[in-house]
Amino acid sequence: MKFKSIIVAAIALSLILTGCSNTPTAPDANERPANVEGNNEAETIYPLTIKHAFGETVIESKPERIATISWGNQDLPLALGVIPVGISMANYGVLEGSNLLPWTAAKFKELGVENPVLFNDITELNFEAISDAQPDIILAAYSGITQEEYNLLSEIAPVVAYPTNPWQTFWRDQILMNATAIGMQAEGEALVDELEALIEEKVGEYPQLAGKSAAFFYFNPADLGKFYVYLPTDPRAAYLTDLGMAFPESVNKLAAGSDSFAIELSAENVDLLQDIDVIVAYGSDSLLPALQSDALLGTMPAIKKGSVALIEDGTPLAASGTPSALSIPATIDEYLRIIGEAATKAE
């Protein structure tokens, strides 16, 4: 199933999620995952235990055959020069006739692989194909696998699942959990530092972003009577804080006590969201005039001013809104340019 709607923005799931209850917070650039035991900064020591939403995974020895499933997990080993034995097909933002996002495809080619093994698991996990790849480990730190799927995957190889809730692993944790599991914790930490330095450098070129409040929305042009707001636990929303902006107090209030990554609101409740300087949303140039002419949504200050950063639906740039080890350097310039233009209108 190829997603034409960006409600999930490249992730095969609905907006109704279950999981362990937690209070949404913005990512801390200085934090490192606390759910990994048996390792130190210099060298990964096995056996290694990784805690996650389904319990614990014990990795007895350094994996040599690494498989990845779901969204973005393949980019970590590739970024560290390790070729996975199989990965999930990309299900959103791919170019016509391709099953890979461009930055993933480019890295495979750089590493000398023209035809990587792809799991056709867009509609459901292809357990047979994953098993045929004979992995020593399956990386799924950012995913939405269920308990049943986790159990079945664990019969194939140890699985690195998400820490708490499905589809709510920030890019730093995704990198560090996956890197530690494959015996490359130090390299993963260095990669995080490198990406943070890159982001800081690029954001410095857009001083208009500093101090602005920003939120990620989904609008359906065919039905503006309701819309979705991505909450602070969603990686694409959290990425905006990496870019120098902050969550509006209104969005923090909506997120309080929620374990989902997004919330649906009626346009009649638009008065709850009057403190947003910049709106980031998926859509074409025609979306903004539609929003501005809407009797309810058009009352939002950001929409009135036109400080709406529109990311074209179905493009690689739209896919990069959920950041990974390779997508950040590949798209940050274009992403910041669009958001920076919107932030200028908010002033």
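Scroll up to find the structure this text is about.
This is a predicted model, so every value here is computed, not measured.

A. The arrangement of the overall build of the protein chain in detail. A count of helical and extended segments in the protein chain gives 12 helices and 13 strands. In the protein chain, buried positions account for 56% of the 347 residues. Long-range contacts, defined as pairs at least 24 residues apart, comprise 72% of the intrachain contacts of the protein chain with a sequence gap of at least 6. Surface accessibility of the protein chain: about 14,100 Å² in total, with carbon and sulfur atoms responsible for 49%.

B. Local environment of the nonpolar core. In terms of nonpolar packing, the biggest core is built from 73 residues, with Leu243, Val280, Tyr335 and Ile339 touching the most fellow members. Among the elements that take part in this core, helix α12 (residues 327-345) stands out by supplying eight residues, more than any other. Sequence-distant contacts of Val280, defined by excluding residues within four places in its chain, comprise Ala215, Phe216, Phe217, Leu240, Ala309, Ile311, Tyr335 and Ile339. Counting 26 residues, the second largest nonpolar core, distinct from the first, contains Phe227, Leu265, Leu273 and Val308.

C. Representation of helix α6 (residues 185-203). Taking 1.5 Å as the rise per residue, α6 with 19 residues should run 27 Å; its terminal C-alpha atoms sit 27 Å apart, in good agreement. Considered for burial, the residues of α6 that qualify are Gln185, Gly188, Glu189, Leu191, Val192, Leu195, Glu196, Ile199, Lys202 and Val203. Viewed end-on, α6 has its buried residues packed into an arc of 160°, placing them on one side of the element. Exposed and oriented more than 90 degrees from the buried face of α6 are Glu194, Glu200 and Glu201.

D. Here's a closer look at the packing of helix α5 (residues 171-181) against α6. Remark: α5 packs on α6, axes separated minimally by 7 Å, with the N-to-C direction vectors making an angle of 160°. Overall, the two elements α5 and α6 adopt an arrangement that is roughly antiparallel. Seen along the crossing, α5 lies across α6 with a hand that is right-handed. Residues Trp171, Arg172, Ile175, Leu176, Ala179 and Thr180 of α5 touch α6, and the partners they reach there are Gln185, Gly188, Glu189, Leu191, Val192, Leu195, Glu196 and Ile199. Among the residues forming the contact of α5 with α6, the class breakdown is eight nonpolar, three polar and three charged.

E. Local environment of the sheet that holds strand β12 (residues 278-282). With mixed pairing, five strands are arranged side by side in an open sheet as β11-β10-β9-β12-β13. The sheet is open, and its two borders are formed by β11 (262-266) and β13 (308-311), each paired with just one other strand. Across this sheet, the average inter-strand angle for adjacent strands is 30°, counted without regard to direction. Its contacts with the sheet place α12 against β9 (214-220), β12 and β13, and it is angled at close to 155° to β13.

F. Layout of the side chain of Thr233. Tracing the chain through its elements places Thr233 in the loop between β10 (223-230) and α7 (235-242). Polar contacts involving the side chain of Thr233 include one to the main-chain carbonyl oxygen of Ser260, which spans 3.3 Å.

G. Structural context of unusual backbone geometry. A cis amide bond links Tyr46 with the next residue in sequence, Pro47, at an omega value of 0°. Tracing the sequence through the fold places Pro47 in strand β2 (residues 44-52). Even without glycine at this site, Ser70 takes up a positive phi of about 70°. Examined against the element boundaries, Ser70 turns out to sit in the loop between β4 (66-68) and α1 (75-79). Look at Ser70 and you get partly exposed, because its relative accessible area is 21%. Unlike most non-glycine residues, Gln134 shows phi in positive territory, near 50°. With respect to the secondary-structure elements, Gln134 resides in the loop between α3 (127-132) and β7 (137-139).

H. Layout of the pairing of β12. The element β12 is largely enclosed, with a buried count of five among its five residues. Side-chain alternation along β12 places Val278, Val280 and Tyr282 on one buried face and Ile279 and Ala281 on a second face that is also buried. Note that β9 and β12 share four bridges and pair parallel. Paired with Phe217 across the two strands is Ala281, which belongs to β12.

What counts and what doesn't
- Residues numbered from 1 in each chain as written.
- Predicted model: local features only at pLDDT ≥ 70, side-chain atom pairs only at ≥ 80, totals over all residues.
- Heavy atoms only, no water.
- Helix = DSSP H or I, 4+ residues; strand = E, 2+ residues; numbered from the N terminus.
- Buried < 20%, exposed > 50% of the residue type's maximum accessible area, 1.4 Å probe, protein only.
- Contact = heavy atoms within 4.5 Å.
- Areas by Shrake-Rupley, 256 points an atom, 1.4 Å probe, with all protein chains shown as cover.
- Core = buried A, V, L, I, M, F, W, Y, C linked by side-chain atoms within 4.5 Å.
- Expected span 1.5 Å × (residues − 1).
- Arc of directions from axis to C-beta.
- Axes fitted to C-alpha atoms, helices over the stretch in contact; angles between N-to-C directions.
- Parallel < 35°, antiparallel > 145°, perpendicular 65-115°, else oblique.
- Left-handed = near helix turned anticlockwise from the far one by under 90°.
- Nonpolar A, V, L, I, M, F, W, Y, C, P; charged D, E, K, R; others polar.
- Pairing = 2+ DSSP bridges.
- Polar contact = N/O pair within 3.5 Å; in protein donor to acceptor, adjacent residues only side chain to side chain.

By themselves, these observations are geometric and do not establish any function.
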